[in-house]
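# Residue-level structure breakdown
So the chains spell out like this:
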Amino acid sequence: VDRAFRLTFGRGPTAEELANGKAAYAQTCAMCHGPTGPGTQMGIALNAGLDSAAIKEKIVKGKINPTDTMPPMGAAYSEAQLDDLAKFVEAGLPQ
């Protein structure tokens, strides 16, 4: 099921999940990806359209492809925080 379907039919993240994800993003992601995800010299823009499972895998593992530079960040979060952060990024980093 794609993101648009989930958001349209009420299966998107809750307000609480988004708030928790936003807090986690501000704490550890914004310094490299920018406060709203446009990217910086240290991190890519977060507009690739990945689903939350792919986003979560990237956060946990870091470097997946040879050209990736992201360090693994999974140890910095609880499982619930990882879920909320991935949902926040998938939703387009709503402000």
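Now for a description of the structure that goes with this document.

The subject of this paragraph is the overall build of the protein. The number of helices and strands found in the protein is 5 helices and 0 strands. The N-to-C order of helical and strand elements in the protein reads α-α-α-α-α. Per-residue burial for the protein yields a buried fraction of 29% across its 95 residues. For the protein, the exposed surface amounts to about 6,000 Å²; the carbon and sulfur share of it is 58%.

Of all hydrophobic cores here, the largest spans 13 residues; its most connected members are Y25, I59, Y77, L85 and V89. If you list the elements that add at least two residues to this core, you get α2 (15–28), α4 (52–61) and α5 (79–90). Those residues in contact with L85 that sit more than four places away from it in its chain are G21, A24, Y25, C29, I59 and Y77.

What follows deals with the packing of aromatic side chains. Geometrically, a pair of aromatic rings is defined through the distance of the ring centres and the angle of the planes. One pass over the full model with this rule turns up 1 aromatic pair. Note on Y25 and F88: the rings are 5.8 Å apart at their centroids and 55° apart in plane angle, and the pair reads as tilted. Of this pair, Y25 sits in helix α2 while F88 is found in helix α5, placing the two residues 63 residues apart along the sequence. The exposure class assigned to Y25 is buried, which follows from its relative accessible area of 2%. Classification of F88 by relative accessible area gives buried; the value is 1%.

Okay, the environment of A76 next. Structurally, the position occupied by A76 is in the loop between α4 and α5. For A76, a relative accessible area of 48% gives the class partly exposed. Once the C-alpha coordinates of A76 and I59 are considered, the two residues, 17 residues apart in sequence, prove to be 9.7 Å apart.

Inspection of the secondary structure assignment puts D68 in the loop between α4 and α5. Since its relative accessible area comes to 16%, D68 is described here as buried. Considered as a pair, D68 and K58 are 10 residues apart in the sequence and their alpha carbons are 9.9 Å apart. Apart from residues lying up to four places away in sequence, D68 is in contact with K58, G62 and K63. Polar side-chain contacts of D68 include one of 2.7 Å to the backbone nitrogen of N65.

Here is what the cut-offs are and how they apply
- Residues numbered from 1 in each chain as written.
- Predicted model: local features only at pLDDT ≥ 70, side-chain atom pairs only at ≥ 80, totals over all residues.
- Heavy atoms only, no water.
- Helix = DSSP H or I, 4+ residues; strand = E, 2+ residues; numbered from the N terminus.
- Buried < 20%, exposed > 50% of the residue type's maximum accessible area, 1.4 Å probe, protein only.
- Areas by Shrake-Rupley, 256 points an atom, 1.4 Å probe, with all protein chains shown as cover.
- Core = buried A, V, L, I, M, F, W, Y, C linked by side-chain atoms within 4.5 Å.
- Contact = heavy atoms within 4.5 Å.
- Phe/Tyr/Trp six-rings, centres within 6.5 Å; stacked < 30°, edge-to-face > 60°.
- Polar contact = N/O pair within 3.5 Å; in protein donor to acceptor, adjacent residues only side chain to side chain.

Honestly, that's just the spatial picture; any functional story needs more than this.
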